[in-house]
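# Notes for the structure review
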Amino acid sequence: MLPLLAPILSQLAGAGLQKVADAVLDKGVESVEEKLGIKLEPNEQGVLDDTKLAEIQMAAMKHEEFMAELD
């Protein structure tokens with residue numbers, strides 16, 4: 001795991017986005033960014049800011065709704 005990825009993964013998990021964190025580990029950052037339509041780019045401190053986390057959370061919910069409709 002890349003050193004810069006660890007804080008982002010723990011931040012995603014801590015924000016209730018464990019599925020997103022798992023997807024990053026399983027499929028890679030690029031794949032998750034493509035599915036969500038959002039770049040997982042940390043700020044200068046190496047973490048995702050609250051605005052970015054909110055965007056990720058909304059995109060993740062929309063993706064889950066889409067996947068539920070497919071079932």
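Above: the structure in question.
Now for a look at the structure at hand. (Residues numbered from 1 in each chain as written. Predicted model: local features only at pLDDT ≥ 70, side-chain atom pairs only at ≥ 80, totals over all residues. Heavy atoms only, no water.)

## Some words on the packing of helix H1 (residues 5–14) against helix H2 (residues 18–27)
Interhelical geometry of H1 versus H2 gives an angle of 150° and a closest axis separation of 7 Å. Between H1 and H2, the angle is such that the two are roughly antiparallel. By crossing handedness, the relation of H1 to H2 is classed as left-handed. For the pair H1 and H2, the contacting residues are Leu5, Leu9, Leu12 and Ala13 in the first and Gln18, Val20, Ala21, Val24 and Leu25 in the second. Within the contact of H1 with H2, the residues separate by chemical class into eight nonpolar, one polar and no charged. (Axes fitted to C-alpha atoms, helices over the stretch in contact; angles between N-to-C directions. Helix = DSSP H or I, 4+ residues; strand = E, 2+ residues; numbered from the N terminus. Parallel < 35°, antiparallel > 145°, perpendicular 65-115°, else oblique. Left-handed = near helix turned anticlockwise from the far one by under 90°. Contact = heavy atoms within 4.5 Å. Nonpolar A, V, L, I, M, F, W, Y, C, P; charged D, E, K, R; others polar.)

## Topic: a nonpolar patch on the surface
A grouping of Phe66, Met67 and Leu70 is seen on the molecular surface, where their side chains present a nonpolar patch of about 310 Å² in accessible area. Mapping Phe66 onto the fold places it in helix H4 (residues 50–70). For Phe66, a relative accessible area of 46% corresponds to the partly exposed category. (Patch = residues over 30% accessible without salt bridge, like charges linked within 9 Å, V, L, I, M, F, W, Y side chains within 5 Å. Areas by Shrake-Rupley, 256 points an atom, 1.4 Å probe, with all protein chains shown as cover. Salt bridge = Lys/Arg side-chain N within 4 Å of Asp/Glu carboxyl O. Buried < 20%, exposed > 50% of the residue type's maximum accessible area, 1.4 Å probe, protein only.)

## Here we look at H1
The periodicity of an α-helix, 3.6 residues per turn, causes residues three or four positions apart to be oriented the same way. Looking at H1, one finds that the buried residues are Leu5, Ile8, Leu9, Gln11 and Leu12. Buried residues of H1, seen end-on, are gathered within an arc of 165° and therefore sit on one face of the element. In this fold, the buried residues of H1 make contact with H2, helix H3 (29–36) and H4. Gly16 sits one or two residues past H1 and shows a positive phi near 80°. (Arc of directions from axis to C-beta.)

## Description of the pattern of salt bridges
What the rule picks out here adds up to one salt bridge. Lys39 is the salt-bridge partner of Glu33, the closest N and O atoms lying 3.7 Å from each other. Looking at Glu33, the relative accessible area reads 13%, which means it is buried.

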